[in-house]
Structures are given as structure tokens and as C-alpha cells.
Amino acid sequence: MPQHLYLSTLPEALIFSMLPPTEFGKYMAIGDKKLSSANSIFFELDPDIEIPGLNIQVARERCVPHKDGSPRRSAYVSIYRAFERIPLSAFSALHLTTKDGLVLSLQSAEYSNDDKVQKAYLYQEICPVVPRVVSNLGPREFCQYVTHVDNPLFLPKMLFADMKLGALANDPDSMDGDDLPYLEMKHLRSCLADIQSNSGGNKKSKVVRRGLRADIIFFMIENGFYVGDQDDFLYYPMPSEDALLGKHHRWWNSAMKVERY
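Residues numbered from 1 in each chain as written. Predicted model: local features only at pLDDT ≥ 70, side-chain atom pairs only at ≥ 80, totals over all residues. Heavy atoms only, no water.

Caption draft 1: The arrangement of the side chain of lysine 157 in detail. With respect to the helices, strands and loops of the structure, lysine 157 is situated in the loop between α3 (139–146) and β9 (158–163). Accessibility expressed as a relative area gives 4% for lysine 157, which makes it buried. In terms of polar contacts, lysine 157 uses its side chain to reach the backbone carbonyl oxygen of isoleucine 86, at 3.2 Å. Residues within four places of lysine 157 in sequence aside, it is in contact with Phe83, Glu84, Ile86, Leu88, Cys127, Pro128, Thr147, Gly228 and Asp229. (Helix = DSSP H or I, 4+ residues; strand = E, 2+ residues; numbered from the N terminus. Buried < 20%, exposed > 50% of the residue type's maximum accessible area, 1.4 Å probe, protein only. Polar contact = N/O pair within 3.5 Å; in protein donor to acceptor, adjacent residues only side chain to side chain. Contact = heavy atoms within 4.5 Å.)

Caption draft 2: Main features of helix α1 (residues 21–30). Turning to α1, its buried residues are Pro21, Phe24, Gly25, Ala29 and Ile30. Considering only its buried residues, α1 is in contact with β1 (4–9), β2 (12–17), β3 (40–45), β5 (91–97) and β6 (103–106). Following α1 by one or two positions, glycine 31 adopts a phi angle in the positive range, close to 75°.

Caption draft 3: Local environment of the pattern of salt bridges. Under the definition given, this model contains eight salt bridges. Linking arginine 81 and glutamate 84 is a salt bridge whose minimum nitrogen-to-oxygen distance equals 2.9 Å. Put simply, glutamate 184 and arginine 209 hold a salt bridge, and the shortest N to O gap is 3.2 Å. Placement of glutamate 184 in the loop between β9 and α4 (185–196) and of arginine 209 in strand β10 (residues 205–209) is noted, with a sequence separation of 25 residues between them. Classification of glutamate 184 by relative accessible area gives buried; the value is 14%. (Salt bridge = Lys/Arg side-chain N within 4 Å of Asp/Glu carboxyl O.)

Caption draft 4: Fine view of unusual backbone geometry. Backbone torsion omega between leucine 10 and proline 11 reads -5°, so that peptide bond is classified as cis. Take proline 11: it is sitting in the loop between β1 and β2. Of the consecutive residues cysteine 127 and proline 128, the connecting peptide bond is found in the cis state with omega at 5°. Position of proline 128 among the secondary structure elements: in the loop between β7 (121–127) and β8 (132–135). Of note, the phi angle at arginine 81 is positive, near 55°, even though the residue is not glycine.

Caption draft 5: Seen up close, the environment of leucine 168. Looking at the element boundaries, leucine 168 is found in the loop between β9 and α4. For leucine 168, a relative accessible area of 0% corresponds to the buried category.

Caption draft 6: Structural context of the sheet that holds β6. Overall, antiparallel pairing links the six strands, which are arranged β4-β2-β1-β3-β5-β6 in an open sheet. A strand with exactly one partner marks an edge of an open sheet, and here the two such strands are β4 (75–78) and β6. Taking the axes of each pair of neighbouring strands and ignoring which way they run, one obtains an average angle of 30° across the sheet. Here five bridges tie β3 to β5, and the two strands are oriented antiparallel to one another. Bridge pairing links phenylalanine 43 to leucine 94 in β5. Contacts from α1 reach β1, β2, β3, β5 and β6 within the one sheet, and its direction differs from that of β3 by about 145°. (Pairing = 2+ DSSP bridges. Axes fitted to C-alpha atoms, helices over the stretch in contact; angles between N-to-C directions.)

The following block contains the structure:
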């Protein structure tokens, strides 16, 4: 049985497994006895990588079949600060698992600065921290800003997603935003107004929510997921609406099961 190396980001952990991505995602989301239910986001990595500071060989050697021949579900390498140590060259597919255990796999694609330009963006940071923030910077610029050593809140590497704002991206007072499923709409509008009025100033981002509301992270993705640092940047676009409704309809129906409030 082949070994796979996965980087879980909810929560952060580096794990060897003999399960393929669809089975590993199901295992992470609902467990082997189906007694849990949680969204999971994880990367598939180069299983032959060696990571300075981590004794990865010990976990690799433990990732062997059980005595009854069943595959080893998990052999943990690290549960602390693994993400920042892994070069982006080792990152492969990104897998999104709903709380029902259904997996959607995304491949990285070329990111273009010619993508839609708007006055403000809403980002959900996922790893290694989880605040939701508004910013007047596009995804690549936002990543560069947050991972710069001169930033007082510097992160060496980050995974984040852009989330839907609709008309609020250019007009925080627009009534078209009332159908967005965000709990803190009044606060969100205030943050957007503050950021948009400061487009030429020093304020580049503002926290809207300090935690991650995992049940809407898939349903409300605008374009996709981004992972990067000062040197590298990867973009994982979400499938089109037609593809979600067609080819990926089972996953999409599961992702749509959110509490609207």
C-alpha cells in the first residue's frame, strides 16, 4: 500500500497515511466510527520530502499496515508549526472535505493579476491563524503584506481564501448585501467602509471576526484558496458554478448544508 503525506490545516497537523485522499478526508471529517462531523481542509504533499527540524522518518516507518492487514489511517509527524516549515514546491492537490465526509480536490493554477479588481476584499485566514479580515489589497498583495517581516503581525506563510462580498466589495452601504449569511453584517459594513475610505493610507486590513466559522467556508468562497510567503504563491481556484452544480453536485449539496443566520 502506498504512503501518502498530508498537511491538515483544520487543525494543523502533518500526517502520514495509507488512505487515498477521498478516504483520508472522510476519516478526518467523520472518523472511522462516524461519531464526529467536521469540515476538513488538507494538502497532499510529496511523501519523500525531508523537513529540517522534524523527525519525519519515525512517522514514515510507523505508517505500515496493521497486523490484520488493514491500512494505517494516520501516523502523525507533527501537530505544531509544521505548515511554515514546508516549501511550497512540495504542495500538491488541496482537498476540501464536508462534514458529511465528501471530498473535492483542487489543483493549483496560474494566478493572474488581471482578475477582478474591487475596492475591498473579505479574506478568511485558515492556517496558521484563523481571523476573518477585510483588506484593500488583492490576494497576492495581501499575502505579501502579511508575510513581510516588517509587519508587526508577521506570519512566515499563510493559507487563506477570499469570500463573497457581492455589491459590498465596492459599496459597503449597498442593500444587496443583506442576503449574505454573515452574523456580524453591521460590523462587516463598518470595517469595509473604514478600509475603502483608507485606500491610500497605512491601514491595509481590519479584523471582522477573530475565529473561523467552518460551516460557511466552502459555501461562501469567491474565487479560491491561496497559500504563499514572500517567495512563492499558489492559487487553488474553485470550480465554476456549473461544475459545482453538475460534476460535483453531491459535494456541493453537502457543502450547502449550512445554518443561515
